[in-house]
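# Reading the structure
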Amino acid sequence: VRVAVIGGGLAGAAAALELAARELPVTLVSAGAGATALSFGSLDVAVPSPEGSGLPLRDATATRLLSPRERLAACLRTRPRHPYATLFGRSGGGAAESAASDAVKSAAASLDSWLVPSGLRVEGGLDTARLLANVRGAVRASDFAFTGPAEGDLQGAAEVEVAAIAGLAQHDAHPLARALAAEFAAIGLPRPSFRVVPLPLPAGFIPDGGSPARVAARTDTEEGLRVLLEAVAGRARGETPGRRAEGERRLLLLPPILGFSGVQATLARLREAAGCRVAECLGAPPASLAGLRLANALSAALLREGVVVHRARVRALERTGRRVNALRLLPRQGSSNTEERLEADVLLLASGRFLGGGLVEREGGVHEALLDLPLYDEAGVRVDGWAANRLVRASPELPQRLFSTGVRTDARLRPLGADGAPLFENLFAAGDLIGGFDPATQRTGLGVALVTGLRAASEIARLAEEEGA
Amino acid sequence: VLEETPSAPRAELVTPSPRIVCACEPVTDAELIHAALREGLRTLTDCSLRVRLGVGACQGASCAAAAAGVLAEALGWSAEQAAYELTTFLAERWRVATPALAGAQIAALELHRAADVGARGFTRGDRTGHAGEDSPRRGASWEAA
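For the structure given in this document, a descriptive report is provided here. What you see is a predicted model, and the numbers here were worked out from it, not measured in a lab.

## Quick notes on the overall build of chain B
Along its length, chain B carries 5 helices and 3 strands. Across chain B, helices and strands are ordered from the amino to the carboxyl terminus as β-β-α-α-α-α-α-β. By the burial criterion, 51% of the 145 residues in chain B qualify as buried. In the form shown here, chain B has an accessible surface area of approximately 6800 Å², with 54% of it arising from carbon and sulfur atoms.

## A few points about the pattern of salt bridges
Residues and elements named next belong to chain A. In this structure the tally under the stated criterion is 37 salt bridges over all chains. Where R235 meets E161, a salt bridge forms, and the shortest distance between an N and an O atom there is 2.6 Å. One end of the pair, R235, is in the loop between α7 (222-233) and β9 (247-254); the other, E161, is in strand β7 (residues 159-164), with 74 residues separating them in the sequence. Across the pair, E161 and R235 agree in class, each one buried. Here the salt bridges do not stand alone but share partners, grouping R2, E318, R328, R341, E343 and D345 into one network.

## As for the pairing of strand β5 (residues 139-142) of chain A
Residue and element names in this part refer to chain A. The side-chain alternation of β5 yields two buried faces, one formed by V139 and A141 and the other by R140 and S142. Summarising the sheet, strand β4 (residues 130-133) and β5 pair through 4 bridges and their orientation is antiparallel. Note on β5: the bridge partner recorded for R130 is S142. If you look at the hairpin formed by β4 and β5, you'll find 5 residues sitting between the two strands, and G137 has a positive phi there, around 90°.

## Concerning the sheet that holds strand β2 (residues 26-30) of chain A
All names here are of chain A. Judged by pairing direction, the sheet is parallel, and its 5 strands sit side by side in the order β11-β2-β1-β15-β20 without closing on themselves. Each edge of the open sheet carries a strand with a single partner, namely β11 (308-311) and β20 (427-429). For this sheet, the mean angle separating the axes of adjacent strands, direction not counted, is 20°.

## Thoughts on the environment of G210 of chain A
Residue and element names in this part refer to chain A. Along the chain, G210 turns up in the loop between β8 (193-198) and α6 (212-219). Judged by relative accessible area, which is 0%, G210 ranks as buried. Each C-alpha atom, one on G210 and one on L168, is 4.3 Å from the other, the two residues being 42 residues apart in sequence. Excluding residues within four positions of it along the chain, G210 makes contact with G167, L168 and A169.

## Remarks on the sheet that holds strand β13 (residues 323-329) of chain A
Residue and element names in this part refer to chain A. Strand order in the open sheet made by the 3 strands is β12-β13-β14, with antiparallel pairing throughout. Both edges of this open sheet fall to β12 (314-320) and β14 (340-343), since each of them pairs with a single strand only. When strand polarity is set aside, the average angle formed by the axes of neighbouring strands in this sheet is 25°. In the sheet, β13 pairs with β14 via 4 bridges, with the strands oriented antiparallel. Within the sheet, the bridge partner assigned to R328 lies in β14 and is R341.

## With respect to the side chain of Q442 of chain A
All names here are of chain A. Along the chain, the position of Q442 falls in helix α10 (residues 439-442). Within the structure, the side chain of Q442 is placed 2.7 Å from the side chain of E378, a separation counted as a polar contact. When neighbours within four sequence positions are excluded, Q442 is seen to be in contact with V47, S53, G54, L55, R79, H82, E378 and F437.

## Description of the interface of chain B and chain A
Each partner contributes residues to the interface: chain B has 48 residues there, and chain A has 57 residues. Counting the surface lost from both chain B and chain A, the interface buries some 4400 Å², and carbon and sulfur atoms represent 59% of this. At the boundary of chain B with chain A, the tally comes to 4 salt bridges. The closest approach of N and O atoms between E397 of chain A and R120 of chain B, which form a salt bridge, is 3.3 Å. Run the count over chain B and chain A and you get 21 residue pairs in polar contact (both at pLDDT 80 or more). If you list the elements that add at least two residues to the side of chain B that touches chain A, you get α3 (64-75), α4 (79-97), α5 (104-116) and β3 (143-144) of chain B. The biggest single contributor to the side of chain B that touches chain A is α5 of chain B, with 9 residues. In terms of residue class, the side of chain B that touches chain A is built from 30 nonpolar, 9 polar and 9 charged.

Rules used in this analysis
Residues numbered from 1 in each chain as written. Chains lettered and ligands numbered in written order. Predicted model: local features only at pLDDT ≥ 70, side-chain atom pairs only at ≥ 80, totals over all residues. Heavy atoms only, no water. Helix = DSSP H or I, 4+ residues; strand = E, 2+ residues; numbered from the N terminus. Buried < 20%, exposed > 50% of the residue type's maximum accessible area, 1.4 Å probe, protein only. Areas by Shrake-Rupley, 256 points an atom, 1.4 Å probe, with all protein chains shown as cover. Salt bridge = Lys/Arg side-chain N within 4 Å of Asp/Glu carboxyl O. Pairing = 2+ DSSP bridges. Axes fitted to C-alpha atoms, helices over the stretch in contact; angles between N-to-C directions. Contact = heavy atoms within 4.5 Å. Polar contact = N/O pair within 3.5 Å; in protein donor to acceptor, adjacent residues only side chain to side chain. Buried area = accessible area lost by both parts, 1.4 Å probe. Nonpolar A, V, L, I, M, F, W, Y, C, P; charged D, E, K, R; others polar.

Keep in mind these numbers describe shape, not what the thing actually does.
Shown next as structure tokens:
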């Protein structure tokens, strides 16, 4: 059974890696890592959001913060068209909730095992949220996060040093520290003390213009890292010794500059130099060092596990009746081939939404790009063919139908037609292409990609077994 | 017509190595600081009118937050005011972008929404906020006790 996966983001990569682990021959067709490469350091299975349509931060009596597990349960209960509800049961209930949390935990463990060789770990869990700072000074109550930002839990830190780096763009330590302090007041938790600490970096280390990406590239070199280590070790020299929190109770918060690779080893050396915990801030789209690290680590894992990867765009799919038979690929740039054709017995669509190219606008309407599958918004209204501007509202924080739209699937992740039955025998969908939720406000983004990608892989393995028998 | 006050030499206003805040319509932090302290610029929307901040390809998705940081530092905004200025500015960019949506503009708007709504915290914006005595312009050793 030949499996083709379309989409090189987290959903497609996780599915391909899982299929390879089950020894099914799999080809991944990827034009890039899509929205995954723009992700900012947390995995976000069920993260609270300040928007009304998002998941709650607190319980009903507002006395305490909800745990990630409770928020996952709230997502199942209150979002009937969310992919989690499709997979684990709409009514919620104990069985659905434990199925969902088991799936999340095992998915995070699988991803962790694929990323470890690239020095990237998936940290966290469903029992307690980590309060992580992003580059703008917003606090995110994350459940899972990647090495770099994951070490920056602001809870449990008595003192947070916000590093000030002269000349670095997109980073202003004082407003960042003020914003973080205000976030703790807004959340209603006792806050650590925030202190701005200048890092004494030599002239010339920060390039003209202050590009954080160029600083990250410098940190990737041994010499660049040595300069950063010296600055971190020497940051408090000349300060009057006072009563300072030590070790685990102190956190040095850096902007996202810790290199494109090997971040685990870099952090270990920085911790030693700093004498306390060290972490990066979460990024904020579209600037995303963490997203590039994740995309690189996924590419490395695909190569290592023997997944065939075609760097190409899909032009069209060949189909007969209720089966998809082959993919027609656009020729790669510089290639003399006219068009490549790839036969497949099973196809997984993990092509994302507009950023990934899974959804497109043509002839004045919104459509699924390859099969024109029916699209549904969060309320379950069919919207393919609608003009995009009919699906947006005046203010960005309002629910936006355009960005909760995608295909609808059954619990086996087969895309459904208007009659509620699967449209194809051998087609599955995963990741953001599945609609019914808004990643920006509901903050279940990469969690959905990972969980649906792995579930699609097991459904495909089951189908392969049935067809082989 | 705005005039520079002769008593404050311009060199004081300009950082030694300007940082690029907006790459679409090249704007440096030095320009923003100068415009804020000498030309009466008060909001991010003023920035777009005066130095074209955020009116290029990304419509503020890449630069608005960084510019808010620079202005917060220069003008002593509180966290609440910085949040207010940022959301107000991005809401205006959203309003301008949404009536005519086609092709790649939809993907750009999807990214814009992730950069705005997807990265917000829990602090409520308030336009009257001021960092007050703790303003970093008045003392570099600001500390949130």
